[in-house]
Each structure stands twice: as C-alpha cells, then as structure tokens.
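Listed below are the residues making up each chain.
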Amino acid sequence: MWTLSEWKKRAAQQRFICQAQIEGKACDAKSGQTFAVINPATDQILAQVAECGDDEVERAVRAARRAYQRGIWARQSPTARKAVLLRLSELIMQHRDELALLDSLSMGKPVVEAWQLDIPGTAHFFSWYAESLDKIYGQVAPTAADAVATVTRSPLGVVAAIVPWNFPLEMAAWKVAPALAAGNSVLLKPAEQSPFSALRLAELALEAGIPEGVFNVLPGTGAVTGQALGRHPDIDCLVFTGSTRTGKRLMEYAGQSNLKQVWLECGGKSPNLIFADCHDLGLAAENAARAIFYNQGEVCSANSRLLVERPVYEAVVERLIALAAEWTPGDPLDPNSRAGAMVDARQTAKVMDSIAEARRQGARLVCGGERLTINGVTNYIQPTIFTDVAPDSLLAREEIFGPVLAVQPFDSEQQAIAMANDSHYGLAASVWSGSLNRAHRVAQALEVGTVSVNTVDALDICVPFGGGKQSGFGRDLSLHSFDKYTQLKTTWIQLHQSAAPGGDYEAG
Ligand code: NAD
C-alpha cells in the first residue's frame, strides 16, 4: 500500500477526462458549457468537464439505439459478451490505483477505502454478471397439451443510469454491469461531483471490446443532463440511485414523455435495534459506529437511527462516544484516515445546518458536532452523536447523509418495532439479539428491503438490495437485478391436429 506522499505524487500527475464519451469518441458539449469538479479536500478545481445538453443526449441515444438495433452487442453470443465483460473486470483491477484515486479526489473518501473496497467490488460486479449471463434459462409454461408456451427474457433496448457521488464507480457498476450483461445499450450519467471514474470506465470498456455506441457516458448536472435523459422519448428504462426528491422527478419525466420504466434506489433513515439480550454489546457498538460513520455517513443505508433497549442504553452510548473518536476524519490520501472530507462545501453546510436544527429541537449533543479544518480546508465534520431525540424531530425523521447518529431508548420489542417502522423510508435495518426467536420475529416485522441480524449493512452481490416506501422500488445486485434490465416475452405455439394421414397426433 502506498504512503501519503506517494498518493500525493500520483494525484499531482493524474489525468482527468473532461469530455463526454459518445459512440466511442470523446466530445465536448456543443453548447460549450462546462462545470467545475472540485476536490473537497483542497477546495481546488480538478477540471472543467463538458456539460452534456439536449444535443449530446440526442446523439448518445441515437448511437445507443443504432447499436442495439444492429445487434452488435445484444445479439452477440452470450459467450462472446461474457468474455468482453470479464476482460473489462480485469482492466478495472489493472487500473485499481487510478480509479481509487479518481473517486477519492473528487468526492473526498479515503483513497484506501476506494482501493480496498470500491474498485475490487466494481470489478467483481462485472465478472459476476459476466459469469451469470450464460446461466439464465427461459421457461416452458404449464399449458394444456395443445400448446407450447415459452417465457424468455430479452433486453429492453436503451437503458439510462443516473447515479450519485457517494460510491461513484460502484454505484455505476451496480447498474451498468447487469444492464450490459443483459444485452442493452447503456447511457450513464455520473453525479456532477464525481464524473471521472465513469468516464475512465468508458475508455476501459472500449479497450475491453464493448462495441462503440453500446456504452456511453454523459457528464453533466441533474437539472440539465439528468432531466434531458429523463424526458427523452427513446429511452426504454431509467435506473437511478440518489435522493427521494430526484426520484419523484424522474417518475414525472417518465409520465410526461414515453412512460419509460423507472427503477429507483432512493434515500433512507435506517434503524439499528440493539436488544438487551444481544450476545456481544461491544461488537454491536463497534458496528453501530461503523454503520453511521463509514464513508463520512454518506451511505444510503447508513444506520442513522440507533434504538437501544433501556437496560443497556447508557452502556451502549458510552461505548459509542469512545468509538466515535476512531472515525475522526483526516486527509483522504492519508492511508491512516478512516474517514475523509464531505463531498463538497454545500453538503458540509447542509449537515452542519441539520446539527444546529437538532440542537434547537432539544436533542442532547453527546459527541462531536463541529466542523473540522484539515490542511486549511473546512469540508470535514466530526463524528456526531445525539441522544434524547424526539420522535417527530428532523433528526429522527429526515436523512442527513452525514456522520450524525440519533440514539433513542425503547422499553419493549413492540415499541422498538413501532419506532423502527415509523418512517417514510424503508431501505434497511439491523437487529442485535441473542434470541433466534426474537431475531426472526423482529426481522419479519420490519418494513425494509434488507434486515441485517447481528451485523450491520449486510451487502453482497448474491443478495438483492433496495427498499420500499419512499426509499424506492426494484432491486440491485443478485440475479433479481435482471428483472430491471430484461422483459419477459411469451411465445405461445398452438398445436393443431394433424390433417395428414400418419400425422403425429390424432384426437381420440
Ligand atoms: P441527487 O438525487 O441530488 O443526485 C443523484 C443523481 O441524480 C446525480 O447524478 C444528479 O445529477 C442527478 N439529478 C439531480 N437532479 C436531477 C434531476 N432533476 N433530473 C435528473 N437527474 C437529476 O442525490 P445526491 O444528493 O447527489 O445523493 C445523495 C442521495 O442519494 C441521498 O439521498 C442518498 O440516500 C441517496 N442514495 C441512495 C442509494 C440507494 O441505493 N438507495 C445509494 C446512494 C445514495
């Protein structure tokens, strides 16, 4: 692993791709518009990047549609598509340092985290979907004997993916890998804060052998590029990870245009329930800290509400306060930093406003709560813990998307479940209990997409991820993800009685 000065040296030499990648070519926006991408750890501009408008979206959609209709990817044999995606996975690992650096420099996460988790994770998603694409079988329906009906999966056509900045390359891979594996053409719009790894992915995809036009990357803002994709009449499906507010807009765009399919992974306010019969309170506290402070708390499934049974409440809070110090942010390029900078000054200010509002609403600040200055830059926030959080306060209900934990006590299993479900989000939850009965009971009762028992934020490519309520709908990861990128086709073959003598079927 590299040292801080080695990462810094590497960062100083880093190339940033500033142009859109459409039909295998790098291009500027016709309007000449660009936007600045700023390193939140230095407040310096990394590059001015092309802002794609209607012209670029139109060109990219046409290229994607052409590629789809010509079948240069969609009708390649599964073996051939698999080989290309496996090659892409290898290339991602070969460029692990560079991709980790691109994400860290643009959104502030510790480079080591990106290097250890995000980039190998991304490579694994591509290889996993590559390996799965030739193992998906169709079905023969249980019809009466006078018919044969097959149910097969076909790609949708042109898929657009709009992704956030918190895990820039990984969130892109969650969508792009299965969409390509299923045979679609793909348009990817990375978040304006973190476009570089996606743009580099487009270059690597070409190198791996993905035909021109099949995978296009359109950098730009949500209001311009994102909206143009959302409203485009020739995109078949829009997949999204981001805020609930934007998710609602995308559904409007779809309704106002061509009724494209929309699949949403939105925000969360995930509860973590620690029962007094938990077998290892120390482990539960350690995980509770990780579940909110990892990635600066900028995680959609962050366990931002901690519900603790009263007999162990004080002990858990005490441990958490001690553990929080381990998550104090540092220079993202320092391999010893466990947390880094917030994504930008705006998000930092937004989180600090939420902290101020929590105080105003009477919550008790027991740890952190301050902005930190590192290398002269103020985009850092201390790990922060509040107790005495009122159930109807902003802190208990709204997603903060920062390192801020709300702790509340409970007195019974029923009360804990009611508190956990009292949210308009339904993404994830965690449960700590030594009782198998209780763990199953509570897991069944929680209104969320994923329940982690005696761990937090369980996530693996082999299990689906996604939520309900205003956390969205549809699932990423696992084979279930193909439900979003394929459509079922029924082919019904009516069998008729043979007219010719000696035919193969005679009615009795
Ligand atoms: P955001 O919704 O503002 O942005 C996400 C993406 O949507 C970006 O690419 C952005 O450019 C685009 N966008 C914004 N406005 C748009 C518009 N009007 N039309 C089309 N596209 C638009 O979210 P954010 O603040 O950047 O990201 C943080 C949010 O993402 C949090 O709320 C978090 O919970 C959520 N998130 C959810 C998951 C999940 O899997 N459920 C994962 C990560 C982040």
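On a predicted model such as this, the values are computed, not experimentally measured, just so you know. Along each chain, residues carry numbers from 1 onward, in the same order as the chain's sequence is written. The predicted nature of this model means local features are confined to residues of pLDDT at least 70 and side-chain atom pairs, given and counted, to a pLDDT of 80 or more, with totals for whole chains, interfaces and linings taken over all residues. Values shown for side chains rest on all heavy atoms present in the structure; no hydrogens or waters enter the calculation.

Caption draft 1: A look at the UniProt feature "domain: Aldehyde dehydrogenase" (unreviewed entry) in the protein. UniProt positions are given in the numbering used here, feature names are shortened, and annotations may be inferred rather than shown by experiment. UniProt's entry tags residues 30–490 with the feature "domain: Aldehyde dehydrogenase" (unreviewed entry), counted in the numbering of this structure. Elements are defined by DSSP. Helices are runs of H or I of four residues or more, strands are runs of E of two residues or more, and each kind is numbered from the N terminus. For the annotated span residues 30–490, helix accounts for 41% and strand for 22% of the residues, and the straight-line distance between the end C-alpha atoms is 43 Å.

Caption draft 2: Region of the structure containing the pairing of strand E15 (residues 371–374). For two strands to be treated as a pair, DSSP must find at least two bridges joining them. Strand direction decides the pairing type here: E15 and strand E16 (residues 377–381), joined by three bridges, are antiparallel. By the bridge assignment for E16, isoleucine 374 is matched with valine 377. Remark: two residues form the turn of the hairpin made by E15 and E16, two consecutive strands paired antiparallel; asparagine 375 in that turn has positive phi of roughly 50 degrees.

Caption draft 3: Quick look at the site of the ligand. Neighbouring the ligand are 28 residues, the closest being Trp165, Glu192, Ser243, Cys266 and Glu399. Polar contact is the term for a pair of N or O atoms within 3.5 Å; when the atoms are in protein, one must be able to donate a hydrogen and the other to accept it, and sequence-neighboring residues count only if both atoms are side-chain atoms. The side chain of tryptophan 165 places a nitrogen or oxygen atom 2.6 Å from an oxygen atom of the ligand. A distance of 2.6 Å is found between an oxygen atom of the ligand and a side-chain nitrogen or oxygen belonging to glutamate 192. Each accessible area value is a Shrake-Rupley result obtained with a 1.4 Å probe; residue values ignore everything except the protein chains displayed when judging cover. Alone, the ligand offers 830 Å² of accessible surface; in the complex the protein occludes 92% of this. For the shell around the ligand, the elements supplying multiple residues, two or more each, are helix H8 (222–231), strand E10 (237–241) and helix H9 (244–256). When residues of the shell around the ligand are assigned to their parent elements, the largest contribution, four residues, is made by H9. Charged residues are taken to be Asp, Glu, Lys and Arg, nonpolar residues to be Ala, Val, Leu, Ile, Met, Phe, Trp, Tyr, Cys and Pro, and polar residues to be all remaining types, Gly included. In terms of residue class, the shell around the ligand is made up of 14 nonpolar, nine polar and five charged. In these notes, residues near a molecule or strand are those with any non-hydrogen atom within 4 Å of it.

Caption draft 4: Inspection of the sheet that holds strand E6 (residues 147–155) at higher detail. Spatially, the three strands line up as an open sheet ordered E5-E6-E24, and their pairing is antiparallel. Whereas interior strands pair on both sides, the edge strands pair on one side only; in this sheet they are strand E5 (139–140) and strand E24 (486–494). Taken together, the nine bridges between E6 and E24 define a ladder with antiparallel strand orientation. Bridge pairing links threonine 150 to threonine 491 in E24.

Caption draft 5: Broad picture of helix H2 (residues 54–70). In this scheme, a helix's expected span is set at 1.5 Å multiplied by one less than its residue total. For H2, built from 17 residues, the straight-helix expectation of 24 Å at 1.5 Å per residue is met to within 8% by its first-to-last C-alpha distance of 24 Å. For every residue, the accessible area (1.4 Å probe, protein chains only) is compared with the maximum for its type, and the residue is labelled buried under 20%, exposed over 50%, or partly exposed between those bounds. Of all the positions in H2, only Glu56, Val57, Ala60, Val61, Ala63, Ala64, Arg65, Ala67 and Tyr68 are classed as buried. Looking one or two residues past H2, glycine 71 carries a phi angle of roughly 75 degrees, positive in sign.

Caption draft 6: Looking closely at the pairing of strand E13 (residues 305–309). The element E13 is extensively covered by neighbouring structure, given that five of its five residues are classed as buried. Of the two faces of E13, the one lined by Arg305, Leu307 and Glu309 and the one lined by Leu306 and Val308 are each fully buried. Regarding topology, helix H10 (residues 281–293) serves as the crossover connection from strand E12 (residues 271–274) to the parallel E13, and that connection is right-handed. Sheet analysis places E13 next to strand E18 (residues 404–410), joined by five bridges and oriented parallel. Of the residues in E18, the one forming a bridge with valine 308 is proline 409. Look down the strands so they point away from you; if going from the first strand over the helix to the second traces a clockwise path, that crossover is right-handed.

Caption draft 7: Seen up close, the domain arrangement of the protein. Boundary definitions for the domains trace back to an automatic or database domain assignment. Annotation of the protein at the domain level lists domain 1 (24–266 + 471–489) and domain 2 (271–453). When each unit is reduced to the centre of its C-alpha atoms, the spacing between domain 1 and domain 2 is 31 Å. Any pair of residues with heavy atoms lying within 4.5 Å of one another is described as a contacting pair. Residue-level contacts link 26 residues of domain 1 with 27 residues of domain 2. By buried area we mean the combined loss of accessible area, with a 1.4 Å probe, across both parts when two parts are placed together. Taken together, both faces of the contact between domain 1 and domain 2 bury some 2,000 Å²; the carbon and sulfur share is 57%. Broken down residue by residue, the surface that domain 1 buries against domain 2 is led by Pro110, Trp165 and Ser471, which jointly contribute 24%. Each salt bridge in this description consists of a side-chain nitrogen of Lys or Arg and a carboxyl oxygen of Asp or Glu lying within 4 Å of one another. Across the domain 1-domain 2 interface, the total number found is zero salt bridges. Mapped onto the side of domain 1 that touches domain 2, the elements with two or more residues apiece are helix H4 (96–107) and helix H5 (111–132).

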